[in-house]
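Structural description and commentary
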Amino acid sequence: QHVVISGVGLWTPEHIVTNEELVQVLNDYADQHNAEYATEIDAGQRSAVARSDAAFIEKASGIKQRHVYVKDGILDVNCMRPRIPERADEALSHQAEMAVNAAQRALAAAHKQPTDIDAVIVSCAYTQRAYPAIAIEVQQALGITGFGFDMLVACSAATFAQHRAYEMIKAGTARAVLVINPELTSPQVNYRDRDSHFIFGDVATAVVLERADTANAPHVYEVLSTQAKTQFSNTIRSNFGYLSRTNDADPFAPDKLFHQEGRTVFKEVCPMAAEHIAQHLALHELNATDVRRWWLHQANINMNLLIARKLLGRDASAEEAPIVLDRYANCASAGSIIAFSLHHEDLAPGDVGVICSFGAGYSIGSLVVRKVNL
Ligand code: CO8
């Protein structure tokens, strides 16, 4: 049974935060903090808060702005986090709403009805609660029978969930699977830390995977195979979790938010990702030069340039390896799917592409796909 990706959906939150806006609030905070604690800072008893710089951010990362689900609060120096109100249990939850928005677009692109779908996987870097699963809430909101579950694999949540969908369809467990990535990252960003305050954005993506013989959409990609690799690393970490309450942990403490050793991540992940992709392509007797499009994880433009250079022996053009970071920033696992969503329709039947995520865990997940001639 051949398995295809037959539709992709992208939901972009309307609010935009520019680098300049983020730098302004961080610098206001730094000035305020450093003036208040000047004596202690001068005595070496406390560290000064470092100021940020918009030109550094764009050069170091390729990011110019990010979309956020809620902008209110982020740019308030007395808050510096999105103010996201609690909703009643009866109301659609925030992440389910994001997921439904992307899912509806993916279903329309795949020319599918909710009744055609047998399983829903919601997979992302964080879910807003442990249970009931966001996927089951989405399933109900869309009127899908069958089953749903949530998965967390940080940056590789989207690709790893697509892998599970591929296997379920191969095994006959489901005819078609909706894989959704409601990446609500902004609540976990430390907007007071210049090393990481600029990195993330919010978005939701979704794809429909189904049996090749039921696909009837205009842009269909056969999944030739999937490959995954994980290797434990503490260089990208968040310690916030349900145990935080049991040890009275401060939810504002830097280690309870996203933090990383960006330089080390860069150095360790780039070679791993390039090697992984080369090995995956070799399973199909393909070379990097046979690949028409690279839909790579979007964490840092320099990372993607380096990985493409390692694979191709030259720079990849923007057409070969599209970058969406400038507009979206790092949207955790959704990055490669945003790139796929915005840059897949122009491929010709027979063209080969690679979807690949890499990041926290470490985790790497890839799919080699080929456009189908329907
Ligand atoms: N403004 C001014 N200066 C700065 C700033 C700033 N904003 N930030 C850092 N600097 C300074 C540093 O302090 C340093 O100064 P010094 O030399 O005096 O120590 C200098 O600039 C250089 O800093 P770096 O070496 O850190 O700069 P880099 O060129 O390495 O760029 C990056 C930093 C952009 C973070 C880069 O290292 C990077 O992108 N690395 C890869 C990171 C990566 O891929 N991470 C994976 C992210 S995880 C993920 O994708 C999903 C996780 C789950 C989701 C979480 C949601 C919240």
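The chain goes by Beta-ketoacyl-ACP synthase III in an unreviewed UniProt entry, where it is assigned to Salinispirillum marinum.

This part is about helix α10 (residues 335–342). Counting buried residues along α10, 7 of its 8 residues qualify, which places the element largely inside the surrounding structure. Among the residues making up α10, those that are buried are Gly-335, Ser-336, Ile-337, Ile-338, Ala-339, Phe-340 and Ser-341.

On to the UniProt feature "domain: Beta-ketoacyl-[acyl-carrier-protein] synthase III C-terminal" (unreviewed entry) in the chain. In the numbering used here, UniProt assigns the "domain: Beta-ketoacyl-[acyl-carrier-protein] synthase III C-terminal" (unreviewed entry) feature to residues 283–370. Across residues 283–370 one finds 27% helix and 25% strand; the C-alpha atoms that close the span lie 14 Å apart.

All right, on to the packing of helix α4 (residues 94–110) against helix α5 (residues 134–142) then. How two helices sit against one another is set out by the angle between their axes and by the gap between those axes. It is the contact of α4 with α5, at a shortest axis distance of 9 Å, that shows an interaxial angle of 55°. When the interaxial angle is binned, α4 and α5 end up oblique. Read as a crossing pair, α4 and α5 show a hand that is right-handed. On α5, the residues that touch Gln-95, Ala-96, Ala-99, Val-100 and Ala-103 of α4 are Ile-134, Glu-137, Val-138, Ala-141 and Leu-142. Tallied by class, the residues present in the contact of α4 with α5 amount to 8 nonpolar, 1 polar and 1 charged.

By size, the foremost hydrophobic cluster in this structure holds 116 residues, and its most contacted members are Ala-99, Ala-103, Ala-106, Val-138, Val-177, Ile-180 and Leu-209. Here this core gets 10 residues from one element, more than from any other, and that element is α4. If sequence neighbours within four positions are ignored, Ala-106 has contacts with Gly-7, Val-8, Gly-9, Leu-178, Ala-206, Val-207 and Val-208.

Moving on, we come to the pairing of strand β1 (residues 3–11). Of all 9 residues that make up β1, 9 are buried, and the element is covered over most of its length. Where β1 lies against strand β7 (residues 203–211), 8 bridges are found, and the strand directions are antiparallel. Across the sheet, Gly-7 pairs through a bridge with Val-208, a residue of β7. Relative to strand β8 (residues 221–230), β1 runs antiparallel, the two being bridged by 2 bridges. Bridge pairing links Val-4 to Glu-222 in β8.

With that settled, consider the environment of Leu-142. The residue Leu-142 is located in helix α5 in this model. Placed 28 residues apart in sequence, Leu-142 and Pro-114 show a C-alpha to C-alpha distance of 6.4 Å. Apart from the residues within four sequence positions on either side, Leu-142 is in contact with Val-100, Ala-103 and Pro-114.

The next thing to look at is the UniProt feature "domain: Beta-ketoacyl-[acyl-carrier-protein] synthase III N-terminal" (unreviewed entry) in the chain. Per the UniProt record, "domain: Beta-ketoacyl-[acyl-carrier-protein] synthase III N-terminal" (unreviewed entry) is found at residues 149–217. Between the C-alpha atoms that bound residues 149–217 the distance is 26 Å, and the span itself is 22% helix and 30% strand.

The end-to-end C-alpha separation of helix α8 (residues 301–312) is 16 Å, in line with the 16 Å expected for 12 residues at 1.5 Å each. Listing the buried residues of α8 in full gives Met-303, Asn-304, Ile-307, Ala-308 and Leu-311. Seen along its axis, α8 keeps its buried residues to an arc of 125°; they face one direction. In the core, the buried residues of α8 are packed alongside α7 (262–282) and β11 (291–296). Looking one or two places after α8, you find Gly-313, whose phi comes out positive at around 75°.

Turning our eyes to something else, we now look at unusual backbone geometry. For the bond running from Tyr-131 to Pro-132, omega is -5°, close enough to zero to count as cis. Here Pro-132 lies in the loop between β4 (119–124) and α5.

Moving on, we come to the confidence of the model for the chain. On average, residues of the chain score 97 in pLDDT, and 100% of them are at 70 or above. Here the predicted complex carries an ipTM of 0.94, next to a pTM of 0.97.

Criteria and cut-off values
Residues numbered from 1 in each chain as written. Predicted model: local features only at pLDDT ≥ 70, side-chain atom pairs only at ≥ 80, totals over all residues. Buried ≥ 20, exposed ≤ 12 C-beta atoms within 10 Å, placed from the backbone. Helix = DSSP H or I, 4+ residues; strand = E, 2+ residues; numbered from the N terminus. UniProt positions renumbered as here; feature names shortened; annotations may be inferred. Axes fitted to C-alpha atoms, helices over the stretch in contact; angles between N-to-C directions. Parallel < 35°, antiparallel > 145°, perpendicular 65-115°, else oblique. Left-handed = near helix turned anticlockwise from the far one by under 90°. Contact = placed C-beta atoms within 7 Å. Nonpolar A, V, L, I, M, F, W, Y, C, P; charged D, E, K, R; others polar. Core = buried A, V, L, I, M, F, W, Y, C linked by C-beta atoms within 7 Å. Pairing = 2+ DSSP bridges. Expected span 1.5 Å × (residues − 1). Arc of directions from axis to C-beta. pLDDT = per-residue confidence, 0-100.

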